[in-house]
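# An overview of the molecular structure
Okay, here's what each chain looks like letter by letter:
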Amino acid sequence: MPELPEVETIRRDLKPLVVGRRIAGVEVDPATLPRLAAVPLEELRSALVGREITSLERRGKHLVFELDCGRALVAHLRMTGRMVWRESGAATEPYERGRIVLEGGNDLRWADLRKFGTWRLVTNAQEVAANLGPEPVGPDFTMARFRAALAGRRAPVKAVLLDQRRVSGLGNIYVDEALHRAGIWPGQAAGELGPAATKRLFEACRAVLEEGIANRGTSFSDYVDGQGKEGKHQMYVKVFRRHGKPCYTCGTTIERIVVTGRGTHFCPRCQPERKSRGKRA
DNA sequence: CGTTACCTGAAA
DNA sequence: TTTCAGGTAACG
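Reading the values: the criteria
Residues numbered from 1 in each chain as written. Chains lettered and ligands numbered in written order. Predicted model: local features only at pLDDT ≥ 70, side-chain atom pairs only at ≥ 80, totals over all residues. Heavy atoms only, no water. Pairing = 2+ DSSP bridges. Helix = DSSP H or I, 4+ residues; strand = E, 2+ residues; numbered from the N terminus. Axes fitted to C-alpha atoms, helices over the stretch in contact; angles between N-to-C directions. Contact = heavy atoms within 4.5 Å. Buried < 20%, exposed > 50% of the residue type's maximum accessible area, 1.4 Å probe, protein only. Near = heavy atom within 4 Å. Polar contact = N/O pair within 3.5 Å; in protein donor to acceptor, adjacent residues only side chain to side chain.

### Concerning the sheet that holds strand S7 (residues 106–112)
With respect to topology, 4 strands assemble into an open sheet ordered S1-S6-S7-S5, the strand pairing being antiparallel. The strands lining the two open edges of the sheet, one partner per strand, are strand S1 (23–28) and strand S5 (81–87). Each adjacent strand pair in this sheet contributes to an overall mean axis angle of 20°, direction not counted. Sheet topology note: the S1/strand S6 (residues 96–102) ladder contains 5 bridges and is antiparallel. When the bridges of S6 are listed, Val26 appears paired with Ile100. Seen against the sheet, helix H1 (residues 4–18) touches S5, S6 and S7 and runs at an angle of roughly 35° to S5.

Quick look at the structure:
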């Protein structure tokens with residue numbers, strides 16, 4: 001569910017609340033634990049309890065709780081995960097699967113309807129970056145790197161944008177939005193994008209993510225921020241889940257197709273399918 | 001490379 | 001009843 005803007009919103013909400021706080025306990029629903037963490041609860045506890053949280057960072061869609069021992073807890077919310085700040089006495093969250101109890105009377109509540117989310121302990125925060133492409137809202141995201149990520153690929157450009165090893169942080173919502181903003185058909189072979197289209201897409205990726213952050217994320221069903229409140233960006237999307245409705249730019253009906261196994265929304269007029277220029281026998 | 005599985009619903 | 005879901009690992 002959450003993509004870069006949603007995870008970044010949670011990070012910004014929680015960081016000032018958790019930094020400097022010490023972990024007093026860890027609770028996890030036993031039925032959820034095996035897929036949540038690769039280690040037994042006792043190991044999670046021995047790594048976390050008594051540690052102070054020194055920072056809260058984000059890498060791609062991962063939330064990274066840095067600890068005073070140098071290690072870090074890396075949380076990934078996958079489709080329906082939530083990480084919410086609560087008073088220790090507050091009611092159990094819907095679909096609450098675990099909590100990190102902090103000294104001083106607050107918890108981080110972990111809720112996850114579909115139980116796809118993960119917690120991982122790493123020996124240092126740098127490990128998180130392994131296998132992740134550049135941050136599209138950071139200085140590492142250059143035209144050169146973006147061009148290299150697309151070069152030679154026959155897969156749909158949408159598939160490449162979703163591949164976290166090439167660019168990190170984009171998911172289904174913001175990919176559809178970026179392709180619309182750049183005027184590119186989602187099924188277009190990535191390696192066949194011309195220089196102008198590549199540049200438009202490069203800029204569109206950053207722009208749609210920054211707008212998503214400014215609007216505190218997109219809440220279509222499960223996402224909430226660090227305080228449990230919905231984002232606003234669903235009011236501003238141009239194509240995502242707008243199939244059957246008119247394009248704001250040209251009035252043409254937005255279509256929905258399946259690309260790379262994902263529901264894909266686009267305007268057939270603003271994002272026309274182009275015939276491959278590649279040679280074929 | 002594309003497709004399926006993971007889990008639990010909500011919506012068509 | 002069937003389809004779909006904001007993600008990704010594991011298939012073939």
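Now that the structure has been shown, we can carry on.
### Points about unusual backbone geometry
The phi angle at Lys115 is positive, at roughly 60°, despite the residue not being glycine. Looking at the secondary structure, you find Lys115 in the loop between S7 and strand S8 (118–122). By relative accessible area, which is 25% here, Lys115 ends up partly exposed. Even without being glycine, Asn131 reaches a positive phi, approximately 75°. Take Asn131: it is sitting in the loop between S8 and helix H4 (143–150).

### Topic: the sheet that holds strand S4 (residues 72–76)
Strand order in the open sheet formed by 4 strands is S2-S3-S4-S8, with antiparallel pairing between adjacent strands. One side of each edge strand has no neighbouring strand; the edge strands of this open sheet are strand S2 (53–59) and S8. Each strand axis lies, on average, 20° off the axis of its neighbour in the sheet, ignoring direction. Of the strand pairs in this sheet, S4 and S8 are connected by 5 bridges, and their pairing is antiparallel. Paired with Leu73 across the bridge in S8 is Leu121.

### Notes on the protein's contact with DNA strand C
The immediate surroundings of DNA strand C are formed by 22 residues, with Lys61, His76, Thr218, Ser221 and Tyr223 found nearest. The sugar-phosphate portion of DNA strand C accounts for 56% of its atoms within 4 Å of the protein, the bases making up the rest. Side-chain polar atom of Glu3 to a sugar or linking oxygen of DNA strand C: 3.5 Å apart, as the coordinates give it. Those elements that provide at least two residues to the surface near DNA strand C are helix H6 (172–182) and strand S10 (262–266).

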